[in-house]
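# Understanding the architecture of this molecule
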Amino acid sequence: MYAQNIETDQTGADDAAFQARIDAGIKVEPKDPMPAGYRKTLIRQIGQHAHSEVVGQLPEGNWITRAPSLERKLILLAKVQDEAGHGLYLYCACETLGISRDELTEKLLSGEMKYSSIFNYPTLTWADMGAVGWLVDGAAIMNQVPLQRCSYGPYSRAMVRICKEESFHQRQGYSIMMNMAFGTPEQKEMAQDALNRFWYPSLMMFGPSDKDSVHSAQSMRWKIKMNGNDELRQKFVNETVPQADYLGLKVPDDKLQWNEAKQGYDFSEPDWNEFYQVVKGNGPCNRERLEARREAWEGGQWFRDGLMAYAAKETRRRAAA
Ligand code: FAQ
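Not measured: the values here are computed from a predicted model.

Counting its regular elements, the chain contains 14 helices and two strands. What you see for the chain is a C-alpha radius of gyration of 21 Å, in line with the 20 Å of a compact globule of 321 residues. Across its three principal directions, the C-alpha atoms of the chain cover 70 × 50 × 35 Å. Taking all contacts inside the chain whose residues are at least 6 apart in sequence as the whole, residues at least 24 apart take part in 79%. If you sum the accessible surface of the chain, you get close to 16,000 Å²; carbon and sulfur atoms cover 56% of it.

Okay, structure coming up:
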């Protein structure tokens, strides 16, 4: 249905009229004409976002069977299911741009499409479930709240529900951190260790520094992104440091300091060489994560075949009735 629109994508002079609509705050809907580059950028960003939600289930899924209580197990299970739901809304939003979910999955498995670097780090202890909720979902919210106002209708609407759920996820993570940080000395040590390991990878979630960001300028003109990477990273640090202070934990950055003039913290940049290595597939868990997705995709083939066969049978039954 949408393939037809792709053929009518705008180029050249029409781009100015499109930009004027974006500047006026008019949402772009699936059947509207749009520049080919706008469509391509959205498919890249929404597709990568969807993959991140789905791959993002793996580090936490790792702890469902080992949660320390039935209550924590239920909460974690619900959270991980929410991430699957986020992937679903986002794949659906992406499909409105003329690409199928199967194609998106194949691009993930072939390495052509990325997913967030953060999910290539291991979750070694229960405290990591706290750090992931607090820091990773915290960073995700910081990035996604502004996306509720992005120019593409289906993406902006998907973000509304996702942000509500991410907010619950962030709080459940912080609640685990509170239990650990105010618990025994050993538990506090585990909480500190989790913060030490997840701090810089969380800062990397916002993408490279604006000066090295390939897509930011154009994406911001098109309101596919609402803020630069550095601005959101700074906001995240400003909000998170007092939360660490409350827990009595130390952010692993000796240069961290409040800067009165800018009304924000000065902080150390993450190691960008490490970031690019992880993005290229050389992080601690890249191979394991893609292998898990490949197994799930291949193992689910019989189920997808069954659904298609059932749909075909229903169509035949209705036609005969
Ligand atoms: N990891 O030019 P930019 C979550 C790539 S959801 C991997 O600045 P852009 C929920 C980028 O793709 C987390 N690659 O790129 C959850 C580009 O490469 P390309 C995901 C990255 O797109 C929580 C190149 O670097 N959130 O966590 C990363 O303008 C807990 C140059 O970068 C979203 O996807 C990275 N961190 O800005 C789930 C939000 N950063 O494609 C489970 C939507 C950059 O040319 C558990 N996305 N790259 O080959 C965005 O806002 C943007 O896409 C950015 C990157 C900000 C991520």
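For Gln 257, the location among the structural elements is in strand S1 (residues 257–259). Along the backbone, Gln 257 and Ile 75 are 182 residues apart, and their C-alpha atoms lie at a distance of 35 Å. Beyond its immediate sequence surroundings of up to four residues, Gln 257 is in contact with Gly 264, Tyr 265 and Asp 266.

All right, on to a nonpolar patch on the surface then. A contiguous nonpolar patch, built from Trp 302, Phe 303 and Leu 307 and spanning about 390 Å² of accessible area, is present on the exposed surface. Here Leu 307 is to be found in helix H14 (residues 301–320).

Another aspect to go through is the pattern of salt bridges. For the structure shown, the criterion picks out 16 salt bridges. Of the charged contacts, one joins Asp 212 and Lys 211 as a salt bridge, the two residues approaching to 3.3 Å between their closest N and O atoms. Residue Asp 212 is classed as partly exposed on the basis of its relative accessible area, which comes to 40%. Using a relative accessible area of 70% as the deciding quantity, one classes Lys 211 as exposed.

The next subject is the site of the ligand. Surrounding the ligand, one finds 35 residues, the nearest of these being Lys 114, Ser 213, Val 214, His 215 and Lys 225. Between the ligand and the protein, one listed contact pairs an oxygen atom with a side-chain N or O atom of Arg 44 at 3.0 Å. Note that an oxygen atom of the ligand is positioned 3.0 Å from one of the side-chain N or O atoms of Gln 48. When the ligand is considered free in solution it has 1,100 Å² of accessible area, and contact with the protein chains removes 91% of it. Of all the secondary structure elements, the ones that give two or more residues to the shell around the ligand are helix H3 (36–55), helix H5 (70–95), helix H7 (127–144), helix H8 (153–181) and helix H12 (272–282). Per-element tally for the shell around the ligand: the top contributor is H3, with six residues. When its residues are assigned to classes, the shell around the ligand shows twelve nonpolar, 14 polar and nine charged.

Cut-off values and rules
- Residues numbered from 1 in each chain as written.
- Predicted model: local features only at pLDDT ≥ 70, side-chain atom pairs only at ≥ 80, totals over all residues.
- Heavy atoms only, no water.
- Helix = DSSP H or I, 4+ residues; strand = E, 2+ residues; numbered from the N terminus.
- Rg over C-alpha atoms; globule rule 2.2 N^0.38 Å.
- Contact = heavy atoms within 4.5 Å.
- Areas by Shrake-Rupley, 256 points an atom, 1.4 Å probe, with all protein chains shown as cover.
- Patch = residues over 30% accessible without salt bridge, like charges linked within 9 Å, V, L, I, M, F, W, Y side chains within 5 Å.
- Salt bridge = Lys/Arg side-chain N within 4 Å of Asp/Glu carboxyl O.
- Buried < 20%, exposed > 50% of the residue type's maximum accessible area, 1.4 Å probe, protein only.
- Near = heavy atom within 4 Å.
- Polar contact = N/O pair within 3.5 Å; in protein donor to acceptor, adjacent residues only side chain to side chain.
- Nonpolar A, V, L, I, M, F, W, Y, C, P; charged D, E, K, R; others polar.

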